[in-house]
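Chains, contacts and geometry: an overview
Single-letter residue listing:
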Amino acid sequence: MNRSEIIGLFDRYVVPSYARYPLVFARGKGARVWDADGKEYLDFGGGIAVNLLGHSAMAEILAKQASVLVHASNLYYTEPQGRLAKRLVELVGVEGKCFFCNSGAEANETLFKLARKFGNESGSRYEILTFQNSFHGRTLAGISATGQEKVKHGFEPPVDGFRHVPFNDLDAVAKAVGPKTAAILLEPIQGESGIRPATPEFLRGLRRLCDERKLLLMFDEVQCGLGRTGDFCGFRSIASDVQPDAISWAKGLGGGFPIGAVWIRGPYADVLGPGTHGTTFGGTPLACSVALAVLDALDHDDLLRNAREVGQYFIGKLQALAAKCPVIREVRGLGLMIGVDLTLEARPAVLKLAEYGLIGIAAGTNVVRFLPPLNITRAEVDEAVEKMTRAFSASVSP
Ligand SMILES: Cc1ncc(COP(=O)(O)O)c(C=O)c1O
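Residues numbered from 1 in each chain as written. Predicted model: local features only at pLDDT ≥ 70, side-chain atom pairs only at ≥ 80, totals over all residues. Heavy atoms only, no water.

Moving on, we get to the domain arrangement of the protein. Often the size quoted for an interface is simply the accessible area lost on bringing the parts together. Per the domain assignment, the segments making up the protein are domain 1 (3–57 + 302–396) and domain 2 (69–300). A C-alpha centroid distance of 26 Å is found between domain 1 and domain 2. Counting residues at the interface gives 26 residues for domain 1 and 28 residues for domain 2. Between domain 1 and domain 2 the total buried area reaches about 2300 Å² when both faces are included, carbon and sulfur atoms providing 61% of it. Of all residues in domain 1, Leu-52, Leu-334 and Met-337 bury the most surface against domain 2, accounting for 29% of the area lost on that side. In this structure, the connection of domain 1 to domain 2 is made through one salt bridge. (Domains from an automatic or database assignment. Contact = heavy atoms within 4.5 Å. Buried area = accessible area lost by both parts, 1.4 Å probe. Salt bridge = Lys/Arg side-chain N within 4 Å of Asp/Glu carboxyl O.)

So, in structure tokens, the structure goes:
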């Protein structure tokens, strides 16, 4: 099928809930994708932080496990789920247990239920404080937790029990905690709204506040976790001494194959007891084997170091470009989670970059984010910056 035939299928048969770009991707390898006309792109969007090891990287393990056991059900035990839970607990480095699901929204839903169960058991508390400009997924509770009006519009009334407070403002959070508050949930680095990291003092202050007021501190690491910032836990790139009570993950965990997970710290790890939560597909042998292969690659290929070093190199190159390119207002980020704040609107800027063969992702209104595979090379970064230089100089010339 050609490009316009494929787009035609979408126009006719796919619910139009996405404002899609007119790009039709056909195949990918490593950090590159090709569209239906055979045009090559350097993919620095990574399918929105998903393709942790690049395109086609999971083919071998997928084929191998597919011929062994794909799905069994959570009515039974399977080795890959047990091994993956152990591995994630070891990577967090603090005693706890994991729950498996299929997406970031579902992982956060698990956190919401954890907070409610914990709050109800410790004194009729059910409220979760979240932050302005946060993003926590598209389920009804997810949009209620999300601190952005645009995702809620038309879906009123929201799920009760979420209140949004200003990010990086500890006094405001302390004032907002009330008798019904059970937990605080945040993205240590806000992704969708434009790559905005929490400050170390903020994370430390939230931990103190949660200890004082007996609240759960929960981190949504769906986008910023799993090595993206150069640390397995994104929050540790900000403040290595802070320890949350629960963490949600998804996106990169399966390197492109859907899997979500939650880690819950020891004292709260049995709050969600038998019959309280579940999912048919969560933690299948296939998904867990693929995730184990992703985590193996993080170790064996020293990808956390690569994310730190190449990320630093990339940020340096972007800052040098910003100095001579007036459309770039600011470059910010950690590791390979990088936002370029522009004087242009993000969506046309993303299209312009694609015209020059570079894929980035819009965030907020004026930010283009780059979330490339963690095995990206300096040479690929050089190529991306060269494409960006040409695209941005074209976008300001008459
Ligand atoms: C921080 C964060 N939380 C949750 C989600 C929702 O994840 P999913 O789309 O897998 O449901 C996202 C997706 O962008 C995210 O960035």
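Below, the discussion takes up the sheet that holds strand 17 (residues 367–370). The strand order 13-14-17-16 describes an open sheet built from four strands, whose pairing is antiparallel. Single-partner strands in this sheet number two, and they are strand 13 (328–334) and strand 16 (361–363). The sheet shows a mean angle of 30° between the axes of neighbouring strands, taken without regard to direction. Sheet analysis places strand 14 (residues 337–342) next to strand 17, joined by four bridges and oriented antiparallel. If you follow Gly-339 over to strand 17, its bridge partner there is Arg-369. (Pairing = 2+ DSSP bridges. Helix = DSSP H or I, 4+ residues; strand = E, 2+ residues; numbered from the N terminus. Axes fitted to C-alpha atoms, helices over the stretch in contact; angles between N-to-C directions.)

Taken together, 13 residues surround the ligand, and among them Gly-104, Ala-105, Asp-220, Gln-223 and Lys-251 come closest. A distance of 2.7 Å separates a nitrogen atom of the ligand from a polar side-chain atom of Asp-220. In the environment of the ligand, an oxygen atom lies 3.2 Å from a nitrogen or oxygen atom belonging to the side chain of Lys-251. The protein chains hide 82% of the 400 Å² of surface that the ligand would expose on its own. Per-element tally for the shell around the ligand: the top contributor is helix 5 (residues 104–121), with three residues. (Near = heavy atom within 4 Å. Polar contact = N/O pair within 3.5 Å; in protein donor to acceptor, adjacent residues only side chain to side chain. Areas by Shrake-Rupley, 256 points an atom, 1.4 Å probe, with all protein chains shown as cover.)

Attention shifts here to the packing of aromatic side chains. Applying the stated rule across the entire model yields 11 aromatic pairs. For the ring pair Phe-131 and Phe-202, a centre distance of 5.5 Å and an interplane angle of 80° mean the geometry is edge-to-face. You can see Phe-131 sitting in strand 5 (residues 127–131) and its partner Phe-202 sitting in helix 9 (residues 200–213), a full 71 residues away along the chain. Note on accessibility: Phe-131 and Phe-202 belong to one class, buried. Between Phe-314 and Phe-370 the ring centres are 5.7 Å apart and the planes differ by 50°, which places this aromatic pair in the tilted class. Placement of Phe-314 in helix 11 (residues 303–324) and of Phe-370 in strand 17 is noted, with a sequence separation of 56 residues between them. (Phe/Tyr/Trp six-rings, centres within 6.5 Å; stacked < 30°, edge-to-face > 60°. Buried < 20%, exposed > 50% of the residue type's maximum accessible area, 1.4 Å probe, protein only.)

Where side chains of opposite charge bring their charged atoms close, a pairing between them can arise. In the structure shown here, the tally under the stated rule is 23 salt bridges. Close ionic contact of Glu-383 with Arg-32 constitutes a salt bridge, the shortest N to O distance being 2.9 Å. Separated by 351 residues along the polypeptide, Glu-383 in helix 13 (residues 378–396) and Arg-32 in strand 2 (residues 32–35) bring together distant segments of the chain. Owing to a relative accessible area of 25%, Glu-383 belongs among the partly exposed residues under this scheme. Residue Glu-90 pairs with Lys-86 through a salt bridge whose shortest N-O separation is 2.8 Å.

For the peptide bond that leads from Glu-156 to Pro-157, omega is 0°, which places it in the cis range. In this structure, Pro-157 sits in the loop between helix 7 (149–152) and strand 6 (162–165). Here the phi dihedral of Ser-56 falls at roughly 65°; this positive angle occurs in a residue that is not glycine. As for its placement among the helices and strands, Ser-56 is situated in the loop between helix 2 (46–49) and helix 3 (59–66). Exposure remark for Ser-56: the relative accessible area of 43% places this residue in the partly exposed category. The residue Lys-214 is not glycine, and still its phi comes out positive at about 55°.

This part is about the pairing of strand 7 (residues 181–186). By the criterion of burial, strand 7 is predominantly enclosed, with six of the six residues buried. Two strands pair when backbone bridges link them, and strand 5 and strand 7 are joined in this way by three bridges, in the parallel orientation. Bridging from a neighbouring strand, Ile-128 pairs with Ala-183 of strand 7. As judged from the four bridges shared by strand 7 and strand 10 (residues 216–220), these two strands associate in the parallel manner. Paired with Leu-186 across the bridge in strand 10 is Phe-219.

Read across the open sheet, the seven strands follow the order 4-12-11-10-7-5-6; overall the sheet is mixed. The sheet is open, and its two borders are formed by strand 4 (96–101) and strand 6, each paired with just one other strand. If you compare each strand with its neighbour and ignore which way they point, the axes differ by 20° on average. Sheet topology places strand 5 next to strand 6; four bridges connect them, and they run parallel. Of the residues in strand 6, the one forming a bridge with Phe-131 is Val-165. Contacts between helix 4 (residues 79–92) and the sheet are confined to strand 4, strand 11 (246–249) and strand 12 (260–265), with strand 4 contributing the most and set at about 125° to the helix. Across the sheet, helix 9 lies against strand 5, strand 7 and strand 10, angled at about 165° from strand 7, the strand it touches most.

In contact at an axis separation of 8 Å, helix 4 and helix 10 (residues 285–300) are set at 35° when each is read in the N-to-C sense. The two elements helix 4 and helix 10 meet at a crossing, and its hand is left-handed. For the pair formed by helix 4 and helix 10, the contact residues are Pro-80, Gln-81, Arg-83, Leu-84, Arg-87, Leu-88 and Leu-91 on the first element and Pro-285, Cys-288, Ser-289, Ala-291, Leu-292, Leu-295, Asp-296 and Asp-299 on the second. Residues belonging to the contact of helix 4 with helix 10 are distributed by class as follows: nine nonpolar, two polar and four charged. (Left-handed = near helix turned anticlockwise from the far one by under 90°. Nonpolar A, V, L, I, M, F, W, Y, C, P; charged D, E, K, R; others polar.)

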